[in-house]
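Tertiary structure, described
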Amino acid sequence: MTTDPAAAGHGTVIDTDGHAHHTYGITGDELVLIRPGGYIAARRPADDLAAVLALVATDGL
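A brief structural summary. Predicted model only: the values in this text are computed from it and were never measured.

**Here's the deal with the pattern of salt bridges**
Tallying each qualifying case throughout the model produces two salt bridges. As a salt-bridge pair, Arg43 and Glu30 come within 3.1 Å of each other at their nearest N and O atoms. Of this pair, Arg43 sits in strand E2 (residues 40-45) while Glu30 sits in strand E1 (residues 30-34), placing them 13 residues apart in sequence. Classification of Arg43 as partly exposed rests on a relative accessible area of 35%. Of the charged contacts, one joins Asp48 and Arg44 as a salt bridge, the two residues approaching to 2.5 Å between their closest N and O atoms. What makes Arg44 partly exposed here is its relative accessible area of 37%.

Structure representation (structure tokens):
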């Protein structure tokens, strides 16, 4: 998710008005895994995708 309207790529979500960033308290570059119910399952630095994927694989999030 980004606030950059020029961002592109498969699965890119553009939060142009910053609603999701505000709701989840995202202030910088980070990965936030949000469960279907809207709860945060994980927060990691943006360069730590491997850790989030490992968490999903092991915990079934």
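Don't stop here, the text continues.
**Brief notes about the pairing of E1**
Both E1 and E2 contribute to a ladder of five bridges, which runs antiparallel. Along E2, the bridge assignment pairs Val32 with Arg43. The turn linking E1 back onto E2 is made up of five residues, and Gly38 within it adopts a positive phi angle of 95 degrees.

**Thoughts on the environment of Leu55**
With respect to the helices and strands, Leu55 occurs in helix H2 (residues 49-59). For Leu55, a relative accessible area of 24% translates into the label partly exposed. With 13 residues separating them along the chain, Leu55 and Ala42 place their C-alpha atoms 8.3 Å apart.

**Considerations on the side chain of His21**
Looking at the element boundaries, His21 is found in helix H1 (residues 19-23). Of the residues examined, His21 reaches a relative accessible area of 15% and is grouped as buried. Setting aside residues no more than four positions away along its own chain, His21 makes contact with Met1, Thr2, Thr3, Asp15 and Ile26.

About the cut-offs
Residues numbered from 1 in each chain as written. Predicted model: local features only at pLDDT ≥ 70, side-chain atom pairs only at ≥ 80, totals over all residues. Heavy atoms only, no water. Salt bridge = Lys/Arg side-chain N within 4 Å of Asp/Glu carboxyl O. Helix = DSSP H or I, 4+ residues; strand = E, 2+ residues; numbered from the N terminus. Buried < 20%, exposed > 50% of the residue type's maximum accessible area, 1.4 Å probe, protein only. Pairing = 2+ DSSP bridges. Contact = heavy atoms within 4.5 Å.

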